[in-house]
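If you want the building blocks of each chain, they are given just below.
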Amino acid sequence: MGRKFLNIEENYEYMEKLIAEFPDQLQEALDIGRKALIESRKDIHEVLICGMGGSGVGAHFVKDFVSETAQVPILINKDYEIPAFADEHTLVLASSYSGNTEETLAAYAAAKKQNCSIIAISSGGELMADAQAAGFDTISLPAGYPAPRACLGFSLVAQLFALHKSGCVPNFFEEQIIDTLERIKLEQEDMRSKAEQIAQLMVDRLPVMYGANRTDATLLRWRQQLNENAKHLAWHQVFPEMNHNEIVGWKGDYSQLLVVALRHRDDPARHQLRMDLTREVFQHWAGGYMEVYSRGGSFLEKSLYLVHLGDWVSYYLAELKGENPDEVKVIDHLKEQLKKYD
Ligand code: F6R
């Protein structure tokens, strides 16, 4: 499919457009998912989702979104190897936007060797060519997007359809995705101004982000987007785990840190209590503290609301720092260097 972003140089500042188009991307992703030809499987014992960076983060959301309905465990694999137990009863989703990411290609090759049941999700590259030649099920994503991290809607929705059509989860998600994209369309202007205010607080501070355990995927996405778009370091941790270790580290002058708590109004009561009680520790030691609440009905909608808000935060932070949110030259350079050692 021909896209508007094929010539990157002529489209400096495409990230703003890609983020703004997130609701349209979700709609297009639904159309792709509905049309995808995926064989229904029997005897799947576990699902292994393999993918790196922008093509890997979707798996964290999928795992959480299907946790109440999945009949089999969902495992995430971010390495060259796959576990020894993976066999013909393992459904492997190989997710790489470019189709040329070496870790994902190696994991895919290992899955082939171990006779796993495979679905490839990609816009092309070696992964798509090999999977098609081998006769595996595939979901083709639109080619020509310059940044896999801006294709989260495509990879996430494709993974949900792959799991549904192969028989591992019911289709609970279509309506929720429609609610999400409608809300984001309506609220985008408001979200942008909220994001700009958050970004202003991050310019001269490093964000440390917290949330309930189930917010882990969203926190990871915020971190990765701050890293790649805004060229900013950040870290995250979840409750209750942080109450058992990291909380002790909060002692000393941490005025250079900004604590951002991502919260859902219906987070589990015990998690909310822990977050409320820990607030005073942050307020005592950190340079700033803020809470950001999700909006929406389903957990999927609330999570993608926060994802979209975080994408805008990373965009505005890049702008405020004078960084170009489009480029990730250091990743490209590293990939080029690695090729020399093939
Ligand atoms: C770049 C980005 C990266 C890539 C990662 C894997 O926008 O987000 O994190 O996603 O290097 O590449 P793909 O997605 O092509 O497998």
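On a predicted model such as this, the values are computed, not experimentally measured, just so you know.

*Asks:* Help me get a handle on the domain arrangement of the protein chain, residues and values and all.
*Replies:* For an interface, size is often stated in terms of accessible area lost upon the parts coming together. Split into domains, the protein chain comes out as domain 1 (36-171) and domain 2 (186-321). For domain 1 and domain 2, the distance between their C-alpha centroids amounts to 28 Å. Counting the surface lost from both domain 1 and domain 2, the interface buries some 1,100 Å², and carbon and sulfur atoms represent 66% of this. A per-residue breakdown of the area domain 1 buries against domain 2 is headed by Phe-61, Phe-65 and Arg-149, which together make up 51% of the total. On the surface where domain 1 and domain 2 come into contact, there are 1 salt bridge. Note that Arg-149 and Glu-228 form a salt bridge whose closest N and O atoms lie 3.7 Å from each other.

*Asks:* Explain helix α2 (residues 22-35) to me, and be specific about the residues and the numbers.
*Replies:* Helix length check: α2, at 14 residues, gives a terminal C-alpha distance of 20 Å against a target of 20 Å (1.5 Å per residue), a fit within 8%. Contacts from the buried residues of α2 go to α1 (14-20), β5 (137-140), α6 (152-165), α7 (173-202) and α11 (299-321).

*Asks:* So what's going on with the site of the ligand? Residues and values would help.
*Replies:* Around the ligand, a shell composed of 13 residues is seen, among which Ser-55, Ser-96, Ser-98, Thr-101 and Arg-149 lie nearest. Residue Gly-54 places a main-chain N or O atom 2.9 Å away from an oxygen atom belonging to the ligand. A distance of 3.2 Å separates an oxygen atom of the ligand from a polar side-chain atom of Glu-228. Contact with the protein chains removes 93% of the 400 Å² of surface that the ligand exposes when unbound. For the shell around the ligand, the element with the most residues is helix α3 (residues 53-65), which contributes 3 residues.

Rules behind the numbers
Each chain carries its own residue numbering, running from 1 in the written order of its sequence. With pLDDT at 70 or above as the cut-off, local features in this predicted model cover only qualifying residues; side-chain atom pairs require 80 or more to be listed or tallied, and sums for whole chains, interfaces and linings still use all residues. To get the side-chain values, all heavy atoms of the structure are used, and hydrogens and water are removed first. Start and end points for every domain follow an automatic or database-based domain assignment. Buried area is a sum: the accessible area each of two parts loses on coming together, probed at 1.4 Å, counted once for each and added. Criterion for a salt bridge: a side-chain nitrogen of Lys or Arg within 4 Å of a carboxyl oxygen of Asp or Glu. In this description a helix means any DSSP run of H or I spanning at least four residues, a strand means any run of E spanning at least two, and both kinds are numbered starting from the N terminus. How far a helix is expected to stretch is found by multiplying one less than its residue total by 1.5 Å. In this analysis, two residues are considered to be in contact whenever any of their non-hydrogen atoms come within 4.5 Å of each other. By convention in this text, a residue qualifies as near a molecule or strand provided that one of its non-hydrogen atoms is within 4 Å of it. Between N or O atoms, a polar contact is any pair within 3.5 Å; within protein, one atom must be a potential hydrogen donor and the other a potential acceptor, and residues adjacent in sequence are included only when both atoms are from side chains. Only the protein chains shown count as cover for residues, with accessible areas throughout obtained via the Shrake-Rupley method and a probe of 1.4 Å.

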